[in-house]
Amino acid sequence: MLSARAALERLQEGNRRFVANVQGADSLQHDNRRAELPMSQEPFAIVLGCSDARVPAEIVFDQGLGDLFVIRVAGNIVAPSQVGSVEFAAERFGTRLVVVLGHSQCGAILATLEQLRRPTENQSRNLRSIVDRVRPSVESLLTTDLRHDTAALVKQAVRANIRTAVDHLRHGSQLLEQLTVDDGLLVVGAEYSLETGVVEFLDGVPAAV
Ligand SMILES: [Zn+2]
């Protein structure tokens, strides 16, 4: 299995290909590994991303079948089933890199900001469960000067939400914490730009592993 650092480099290279519009030999579109995969999988990275139709992890990282273990949920929030999915892949497949992939103009973040500014009573309980997960990380931003600058507010709120998810995965699971200490697991945050196609890895990525 690839180390977390090697996996991170592979994702960065894949995203550079995506941005340059060059597909690698293993990209989803050219994949010829289907026949090898029914019996096993060895994903080199786990990606917790947003359900947004514009941010499919395999495509923005130019990876193919069997490469990524992807969990997608609106707002890339972390609830128990997401933690369980990450634990499953990290333990079962030995995958050592976990990426929380948020993105610019995330609808879940916009909906949460909207709800905080103009609360409505008739929101579905299920939808509210997503907003409630996003709310704590963005609520405090509304008490700062950012509230006068919507674009900057949304940008910071997206990042705050990614950091909260990273923190939750790093410290909300005994299993993941143990794998981090003993076995080289790395949980990092990243933001995909809808405008440029570039994935920027956020601070917290060690210079060398
Ligand atoms: Zn989103």
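Residues numbered from 1 in each chain as written. Predicted model: local features only at pLDDT ≥ 70, side-chain atom pairs only at ≥ 80, totals over all residues. Heavy atoms only, no water.

### Observations regarding the layout of surface pockets
The condition that has to hold: Method remark: on a 1 Å grid restricted to protein atoms, a set of points is classed as a cavity if a 1.4 Å probe fits but cannot get out and as a pocket if it is open with protein on both sides within 12 Å along at least five of seven lines; lining residues have an atom within 4 Å of a point. Grid points are joined across faces, edges and corners, and a volume is the space filled by probe spheres set on the points. Strands here are runs of E lasting at least two residues and helices are runs of H or I lasting at least four, both read from the DSSP assignment and numbered beginning at the N terminus.
Computed from the structure, the largest pocket encloses a volume of approximately 170 Å³. Counting only elements with at least two residues in the lining of the largest pocket, the list comes to helix H6 (150–171) and strand E4 (186–192). Tallying contributions element by element places H6 first for the lining of the largest pocket, with 5 residues.

### What about the sheet that holds strand E3 (residues 97–103)?
Definition in use: A pair of strands is considered paired only if DSSP assigns at least 2 bridges between the two. Orientation is described by axes fitted as lines to C-alpha atoms, over the contacting stretch for helices, and by angles from 0 to 180 degrees between their N-to-C directions.
With respect to topology, 5 strands assemble into an open sheet ordered E2-E1-E3-E4-E5, the strand pairing being mixed. In this open sheet, the two edge strands, each paired with only one partner strand, are strand E2 (68–72) and strand E5 (199–201). Averaged over all pairs of adjacent strands, the angle between their axes in this sheet comes to 25°, without regard to strand direction. Pairing of E3 with E4, which is carried by 7 bridges, proceeds in the parallel orientation. Opposite His103, over in E4, you have Tyr192 as the bridge partner.

### Topic: the side chain of Asp52
What counts, and what does not: Contact between two residues is taken to exist if any of their heavy atoms lie within 4.5 Å; hydrogens are not considered.
Mapped onto the elements, Asp52 comes out in the loop between strand E1 (45–49) and helix H2 (57–60). Once residues within four sequence positions are removed from consideration, Asp52 is found in contact with Arg72 and His103.

### Some thoughts on the packing of aromatic side chains
Keep this limit in mind: Between the rings of Phe, Tyr and Trp (Trp by its six-membered ring), a pair exists once the centres lie within 6.5 Å; its type follows the angle of the planes, with under 30 degrees stacked, over 60 edge-to-face, and the other angles tilted. Buried means the residue's accessible area, taken with a 1.4 Å probe over protein chains only, is under 20% of the maximum for its type, while exposed means over 50%, and partly exposed covers the values in between.
The full count for this structure, using the stated rule, is 5 aromatic pairs. Geometrically, the ring pair formed by Phe69 and Phe93 is tilted, given 6.0 Å between the ring centres and 50° between the ring planes. Linking Phe69 in strand E2 with Phe93 in helix H3 (residues 80–93), this pair joins segments that are 24 residues apart in sequence. Each member of the pair, Phe69 as well as Phe93, carries the same accessibility label: buried. Connected via pairs of aromatic rings, a cluster forms that spans Phe69, Phe88 and Phe93.

### Focus on the coordination of the zinc ion
To keep it simple, the criterion reads: Sodium, potassium and calcium take a 3.2 Å donor cutoff, other metals 2.8 Å, and in both cases only N, O and S atoms count; water is not among them, so sites may look incomplete.
The protein atoms donating to the zinc ion are Cys50 (SG), His103 (NE2) and Cys106 (SG), with metal-donor distances spanning 2.0 to 2.3 Å. The sequence motif formed by the donor residues of the zinc ion is C-x52-H-x2-C.

### Some points on the nonpolar core
Let me state the cut-off plainly: Nonpolar cores are built from buried Ala, Val, Leu, Ile, Met, Phe, Trp, Tyr and Cys residues. Side-chain atoms within 4.5 Å join them into one set.
Ranked by internal contacts, the top residues of the largest apolar core, which has 39 residues, are Ile46, Leu113 and Leu169. Broken down by secondary-structure element, the contributors of at least two residues to this core are E1, E2, H3, E3, helix H4 (107–117), helix H5 (125–139), H6 and helix H7 (174–183). Ranked by residues supplied to this core, first place goes to H6 with 9 residues. If we skip the residues at most four places from it in the chain, Leu169 touches Leu48, Val78, Val83, Val86, Val98, Val100, Leu176 and Val187. Core analysis: the next-biggest nonpolar cluster, separate from the first, contains 21 residues, Ala45, Val55, Val60 and Val199 among them.

### Focus on the pattern of salt bridges
Inclusion rule: One side-chain nitrogen of Lys or Arg within 4 Å of one carboxyl oxygen of Asp or Glu is enough to make a salt bridge.
Enumeration according to the criterion identifies 8 salt bridges in this entry. Measuring nitrogen to oxygen at the nearest pair gives 2.8 Å for the salt bridge that ties Arg54 to Asp52. Judged by relative accessible area, which is 46%, Arg54 ranks as partly exposed. A relative accessible area of 14% means that Asp52 is categorised as buried. Connected via shared salt-bridge partners are Arg159, Glu191 and Glu200.

### Notes on the packing of H4 against H5
Inclusion rule: Angles below 35 degrees are treated as roughly parallel, those above 145 as roughly antiparallel, those between 65 and 115 as roughly perpendicular, and all remaining angles as oblique. Each residue receives one of three labels: charged for Asp, Glu, Lys and Arg, nonpolar for Ala, Val, Leu, Ile, Met, Phe, Trp, Tyr, Cys and Pro, and polar for the others, Gly being one of them.
At a minimum axis separation of 9 Å, H4 and H5 run at an interaxial angle of 75°. Relative to H5, the element H4 is oriented roughly perpendicular. Where H4 approaches H5, its residues Ala108, Ile109, Thr112, Leu113, Gln115 and Leu116 are matched on the opposing element by Ile130, Val131, Val134, Arg135, Val138 and Glu139. Taken together, the residues of the contact of H4 with H5 break down into 8 nonpolar, 2 polar and 2 charged.

### Considering the environment of Glu36
As for its position among the elements, Glu36 is in the loop between helix H1 (4–20) and E1. On the accessibility criterion, Glu36 (56% relative accessible area) is exposed.

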